[in-house]
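Report on the structure
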Amino acid sequence: MPRVLVAPSILAADFSDLATEIHRAEAAGADWLHLDIMDGHFVDNISFGPAMVAAVRKHTRLPLDVHLMIEHPDHYLPRFVEAGANSITVHVEPESKHDVEKTLHAIRDAGCGAGLTLNPATPFAAIEPYLDRIDLLLIMTVHPGFGGQAFRPEMMEKVSRAKAWRDDRGAKLDLEVDGGINAETAKLSVESGANVLVAGTSIFRAPDYREAVQSLRGEPKK
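Attention in this report is confined to the structure presented alongside it. Just so it is clear, the model here is predicted, and its values are computed rather than measured. (Residues numbered from 1 in each chain as written. Predicted model: local features only at pLDDT ≥ 70, side-chain atom pairs only at ≥ 80, totals over all residues. Heavy atoms only, no water.)

1. Side note on the overall build of the chain
Condition: For the purposes of this entry, the term helix denotes a DSSP run of H or I that reaches at least four residues, the term strand denotes a run of E that reaches at least two, and both are numbered from the N terminus. The rule is simple: take the accessible area with a 1.4 Å probe, protein chains only, and divide by the maximum for that residue type; under 20% is buried, over 50% is exposed, in between is partly exposed. Residue contacts are counted whenever heavy atoms from the two residues lie within 4.5 Å of one another.
The helix and strand tally for the chain stands at eight helices and eight strands. Reported as C-alpha extents along the three principal axes, the dimensions of the chain are approximately 45 × 35 × 30 Å. Expressed as a percentage of its 222 residues, the buried residues of the chain come to 53%. Within the chain, contacts between residues at least 6 apart in sequence are counted, and of these 63% link residues at least 24 apart.

Below, the structure written as structure tokens:
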């Protein structure tokens, strides 16, 4: 089982004091920082773009895990690469309006980790043809677009299937979950096979970020 990584979601941070939030998350033991890019079309919300990724990059050396919840991610890809993304995840759904295979290839060619994700309503079969071409599979445990939603435990079936695929082949594939992740749902996710936990409000709304990160990993308080 790969080491469990925690990726605080910047979307839940205090934007008025972003540098402090980044430093606090890093000091708390975060492994990655997760950045949700929303365009108001693919999802019904607007978050931020490459400029925010570049701003975060200035304040940390942690890997930046960029999730493009946008239409035409292939068109915008170079901007996020230039901004400092370490891994870039795109959607498999046709509503994202791109050639999935070509986009994954372009991400790899740019020197970034290639990720693919699917919404709760999208069957696991939609991503199976691409599993051997990605570094990260993101299983959404809520419908993407807004933070603070309730975790959907039925999505663990997809995580378990991805784990079985990874184990059968001895593949190096990170399995990431995002949406409603707290100490309880993190435990369920890890037991199902996830090794990357994206968490927003459970970290950035916690009184102690370090304790929040430790609780997600199932570690005792120090």
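Anyway, onward from the coordinates.
2. What to know about the pattern of salt bridges
Heads up, the rule is: Whenever Lys or Arg places a side-chain nitrogen within 4 Å of a carboxyl oxygen from Asp or Glu, that contact is recorded as a salt bridge.
Considering all chains together, one arrives at 13 salt bridges under this definition. Here Arg108 makes a salt bridge to Asp135, at a shortest N to O gap of 3.0 Å. Pair noted here: Arg108 is in helix H4 (residues 100–109) and Asp135 is in the loop between strand E5 (113–118) and strand E6 (136–140), with a separation of 27 residues, a long-range link. On the accessibility criterion, Asp135 (28% relative accessible area) is partly exposed. The salt bridge involving Asp132 is made with Arg133; its shortest N-O contact spans 3.5 Å. According to the relative accessible area criterion, Asp132 is exposed, its value standing at 58%.

3. Examining unusual backbone geometry
Here the phi dihedral of His72 falls at roughly 55°; this positive angle occurs in a residue that is not glycine. His72 gets classed as partly exposed once you look at its relative accessible area, which sits at 37%. Non-glycine residue Lys97 carries a positive phi angle of around 60°. Summarising the element assignment, Lys97 is placed in the loop between strand E4 (87–91) and H4.

4. What to know about the side chain of His67
Formally: Under the rule applied, a polar contact is a pair of N or O atoms within 3.5 Å (in protein, one hydrogen donor and one hydrogen acceptor; residues adjacent in sequence only if both atoms are side-chain atoms).
Secondary-structure assignment places His67 in strand E3 (residues 64–69). On the basis of relative accessible area, His67 is assigned to the buried category, the value being 0%. Only 3.3 Å separates the side chain of His67 from the side chain of Asp36, close enough to count as a polar contact. Discounting residues that sit within four places of it in the chain, His67 has contacts with His34, Leu35, Asp36, Ile37, Thr89, His91, Thr117, Leu138, Met140 and Asp178.

5. Re the environment of Leu116
Within the element layout of this structure, Leu116 appears in strand E5. The class of Leu116 is buried, set by a relative accessible area of 0%. Put simply, Leu116 and Val100 are 16 residues apart on the chain and 8.7 Å apart in space, counted from C-alpha to C-alpha.

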